[in-house]
Every structure is written in C-alpha cells, then in structure tokens.
Amino acid sequence: MDISYIINELGEDREQYFNAIAPPIMQTSNFAFKSVAAMRSAFADEYSTYLYSRGKNPTVDILCKKLAALDGADDCLVFNSGAAAIFAAVLANVKQGDHIISVHEPYSWAKKMFTEILPKFGVSTTFVDGTATKHFEQAIQPNTTVIYLESPNSWDFVLQDLTAVAQLAKAHNIITICDNSYCTPLYQQPIACGIDIALQSATKYISGHSDTVAGVLSSNTHMIARIFKSEYNNIGSGIQPFNAWLLLRGLRTLPMRLQQISTSTKTMVAFLKNHPLVDGVYFPLDVDFNQYTLAQQQMKGAAGLITFTIKANSVKAIETFCESLQHIMMAVSWGGYESLIIPKCAGLPVDSFDAQNPLHRSLRLYVGLEEVDYLIKDLSKAFATLQP
Ligand SMILES: *Cc1c(COP(=O)(O)O)cnc(C)c1O
C-alpha cells in the first residue's frame, strides 16, 4: 500500500460525514441500538461493533486502520500512552510462573514493570545484552513466553537483530514484542522481520507536535482481538477521540517531518563529530557507530536523536552549557517540532559526577524541525562557555 494512500485516504469514508475533508471527532461515550437483537450481537462481539468508547470508536478506528497499515499489520490498538501499550502487550502474553527475556535497558517504565510489578504475580525477567542473538538463546527457559526488544534504544541506540531474534523465538514458541518508537514504521518494520507485536510511543513522531500522549501496538487479528477483549478494555486506557484526531492530524505530515529531521540530523552529526569539545557522538546511521552494518540492514532511516559527550570537567560546566542554550529547550520526550536536550547528569546525584566516565558527560539531543543552522548557532554559543 502506498504511504500516501494510507495517510490521506485509508479508513476515511467521507460520505458518512458530509464529505468533510477532516474526519469528525466522535466525542461520544456510547452508541444507541434500534433493536434488542442488534444490542445482543454487540454484546457478543464488541471488537466488531460500536457499543462503548472504551472499546471501539469511529475516530479511533480511522487512526487504527492507518497505523496498522503503516506497521504492515492486520490491526492495532491505540492507547492513552506508550507505557499503557507496553503494559497491555506484555500482560496479555504472560501468566503466573512465566519468564520474560528483555533487552538490558528497555524504556524506563517497561523496566519498572519487569522489576517491580510483574514479580508480584510470579513473572520473572532476565535482562540480556541484546547485541548478540545468542544471549537470548542462552537465557531461554522452559517457561519463557515473551522476548522484549527495543531497537534502537532511545539513548545509546543499541540494536538487536530483529529477524534473527524473531526466528529463534518462533522455534521456541515465544512471543516477540519490539518497541519501535525510535524508527516509527516508516524507518523500520518489525512485523516484516517476523516480530509478533510492534509497538511505539505515538507521543513522539506520530503526534509530532508535543501535544498528545499516546501509544500503539500492532499485530495479527487474533492477537489484537484477544488483547482488545481483555487488557485493552480492562485497563481502560484506550485513546480518547480528540487525541486520536490530533494523531490523525500529526500523521498527515509524518513522512516530510521525518525527512526534514533526518537531513538536519546528518548535518548535526557532522557538526558534532568535528567539534573539538566533543569526544563521542552516537547515532545509528553514522559510519563509526559500532552496529552500523546491522542498522543499515534493518533500518530504512534514522532521525532526530543523537547522543554526544562533551569535554567538561565538572557538573557545573555541563549545567552552564545546557542553561546557555537559547532555542534548544531542556525537556524529556522527543519527536515534536522543537529541539530538545537532556544532560545525563540531570538523572544522577550531583556528588556522584565522574568526569572520567563519558556517560556522565553525555547529552541526548533531539533535532526538531528548525533550520539546522539556527540550532548549530545555539549550540556553538553553548560550546563557547566550555572554553578554558
Ligand atoms: C516515550 C517512550 C515510551 C513511552 O511512551 P509514552 O507515550 O511516554 O507513555 C516507550 N518507549 C520509548 C522508546 C519511548 O521513547
């Protein structure tokens, strides 16, 4: 299916709503029936009917059709956050006594679920270095039911070989889940690699405007219907119609936003690599990245996020660097129109700072939609504060 068709037309039945170009926001909690028989069949199969908006809603449905098609999946579910999508995907595929294998540093709230919530219900998790598929193989136990991946990671961009891990998992009847937030389905297709569930935080590139928190999981019809009938409706964190509409609006410009950001990011990577006060630059499609070959094989592109280390000998120097930026804002998240930065040291106690540890001197930059020269000028002023 053409991406333009998916984004502009798929799922939109304009004759149903006065041929309006923009789809309506069906801001309703419930739907009326004309007969008991119709109500009975809705109760029997809520996955195929409009009954109550915690389940199906027409505005959300338009969005679902597009997002599932972008993922190359049969169907998808959209949640009120990426974290809720992760929770439902995992919860749906474990029971008491089961075992999960996860990459070392999954998204922080995924990790909390593995280390704090699931152990309460007898589900254990082994964390492995996902750069070698054999590490997953070595961790498999008879009760392993889920392998959880995130490729690339959103801080250090560590990848897993999705095709190889999916093959290994299939041979052992294990469900694979991959957090694809970094790439979006435009730049990486986990399902085409054999992964069972692709998920992403739609807060990032799908929304694209830093105004909506949302998440999506895509899979085959059987899996989606099963999650819909249980975790989706029971957790009750499905996306609301207005937020679905905002995501539809974000989607219209997704390809060109990613393109613009990719181009700017390339220029930014070159600027940082050549800067005398930078001693490390991490970006998956940079020739010097240590998994560059795998990144080229399984990703069609990379955009936005770059981690770099600066030659600063104190926390104070990093604080001054960040606080002297006038346009690039200090904030979590990414994927919006605005450029952002997070210094690693913001997550560390001040007295634990070790200038010898490059991680402590690292910053994650998100390149937004601004002109790249505007951003480089901003960074150059901040670098000037580091001069001895
Ligand atoms: C932001 C993010 C999430 C969580 O998504 P929310 O929409 O914030 O709940 C999950 N995974 C990755 C990689 C993220 O960056």
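About the cut-offs
Residues numbered from 1 in each chain as written. Predicted model: local features only at pLDDT ≥ 70, side-chain atom pairs only at ≥ 80, totals over all residues. Heavy atoms only, no water. Helix = DSSP H or I, 4+ residues; strand = E, 2+ residues; numbered from the N terminus. Buried < 20%, exposed > 50% of the residue type's maximum accessible area, 1.4 Å probe, protein only. Polar contact = N/O pair within 3.5 Å; in protein donor to acceptor, adjacent residues only side chain to side chain. Contact = heavy atoms within 4.5 Å. Pairing = 2+ DSSP bridges. Axes fitted to C-alpha atoms, helices over the stretch in contact; angles between N-to-C directions. Parallel < 35°, antiparallel > 145°, perpendicular 65-115°, else oblique. Left-handed = near helix turned anticlockwise from the far one by under 90°. Nonpolar A, V, L, I, M, F, W, Y, C, P; charged D, E, K, R; others polar. Right-handed = clockwise from strand over helix to strand, strands pointing away.

Quick word on the side chain of N93
Okay, step 1: Its location among the elements puts N93 in the loop between helix 4 (82–91) and strand 2 (99–103).
Okay, step 2: Take N93: its relative accessible area is 11%, and that puts it in the buried class.
Okay, step 3: A polar contact of 2.9 Å, which involves the side chain of N93, links it to the backbone oxygen of A89.
Okay, step 4: Within the local environment of N93, its side chain forms a polar contact with the side chain of R226, the two groups lying 2.8 Å apart.
Okay, step 5: Dropping the residues within four chain positions of it, N93 is found in contact with D98, T145, V146, I175, I197, M223 and R226.

Let's talk about the sheet that holds strand 6 (residues 197–201)
Okay, step 1: The sheet built from seven strands is open, its strands ordered 1-7-6-5-4-2-3 with mixed pairing. Bordering the open sheet on either side are strand 1 (75–79) and strand 3 (124–128), each of which pairs with just one other strand. Each adjacent strand pair in this sheet contributes to an overall mean axis angle of 20°, direction not counted.
Okay, step 2: Two elements, strand 6 and strand 7 (residues 215–219), share four bridges in a ladder whose sense is antiparallel.

Some words on unusual backbone geometry
Okay, step 1: Between S151 and the following residue, P152, the backbone shows a cis peptide bond with an omega angle of -10°.
Okay, step 2: Following the sequence through the fold, P152 ends up in the loop between strand 4 (144–150) and helix 7 (162–171).
Okay, step 3: Not every positive phi belongs to a glycine, and T184 is a case in point at roughly 65°.
Okay, step 4: With respect to the element layout, T184 can be found in helix 8 (residues 184–187).

A look at the packing of helix 3 (residues 58–71) against helix 10 (residues 241–252)
Okay, step 1: For the pair helix 3 and helix 10, interaxial distance at closest approach is 8 Å and the crossing angle is 40°. Here helix 3 lies oblique to helix 10, going by the angle between them. Of the two elements, helix 3 crosses helix 10, and the hand of that crossing is left-handed. Residues T59, V60, I62, L63, K66, L67 and L70 of helix 3 touch helix 10, and the partners they reach there are P241, A244, W245, L247, L248, L251 and R252.

A few points about the environment of P106
Okay, step 1: Mapped onto the fold, P106 is located in the loop between strand 2 and helix 5 (108–117).
Okay, step 2: The spacing of P106 and P152 is 46 residues in sequence and 10.0 Å in space, taken between C-alpha atoms.

A short note on the packing of helix 10 against helix 11 (residues 254–273)
Okay, step 1: At a minimum axis separation of 5 Å, helix 10 and helix 11 run at an interaxial angle of 55°. When the axis of helix 10 is compared with that of helix 11, the two are oblique. Judged by residue contacts, G250, L251 and R252 of helix 10 engage L254, P255, M256 and R257 from helix 11.
Okay, step 2: When its residues are assigned to classes, the contact of helix 10 with helix 11 shows four nonpolar, one polar and two charged.

Regarding the pairing of strand 3
Okay, step 1: Sheet topology note: the strand 2/strand 3 ladder contains five bridges and is parallel. Across the sheet, I100 pairs through a bridge with T125, a residue of strand 3.
Okay, step 2: Note that the unit made of strand 2, helix 5 and strand 3 has a crossover that is right-handed.

What to know about the environment of I177
Okay, step 1: Note on placement: I177 falls in strand 5 (residues 175–179).
Okay, step 2: Note on I177: relative accessible area 0%, which makes it buried.
Okay, step 3: In this structure, the C-alpha to C-alpha distance between I177 and L217, residues 40 residues apart in sequence, is 9.2 Å.
Okay, step 4: If we ignore the near neighbours within four places in the chain, the residues touching I177 are A89, V90, V146, I147, Y148, L149, I195, I197 and L199.

What to know about the sheet that holds strand 8 (residues 278–282)
Okay, step 1: Spatial ordering of the open sheet is given by 8-9-12-11-10, a layout of five strands whose pairing is mixed. In the strand order of this sheet, the two ends are held by strand 8 and strand 10 (329–330), each with one partner.
Okay, step 2: Both strand 9 (residues 305–310) and strand 12 (residues 362–366) contribute to a ladder of five bridges, which runs antiparallel. Paired with L305 across the two strands is Y366, which belongs to strand 12.
Okay, step 3: Relative to strand 9, helix 11 is tilted by about 10°, and along the sheet it contacts strand 8, strand 9 and strand 12.

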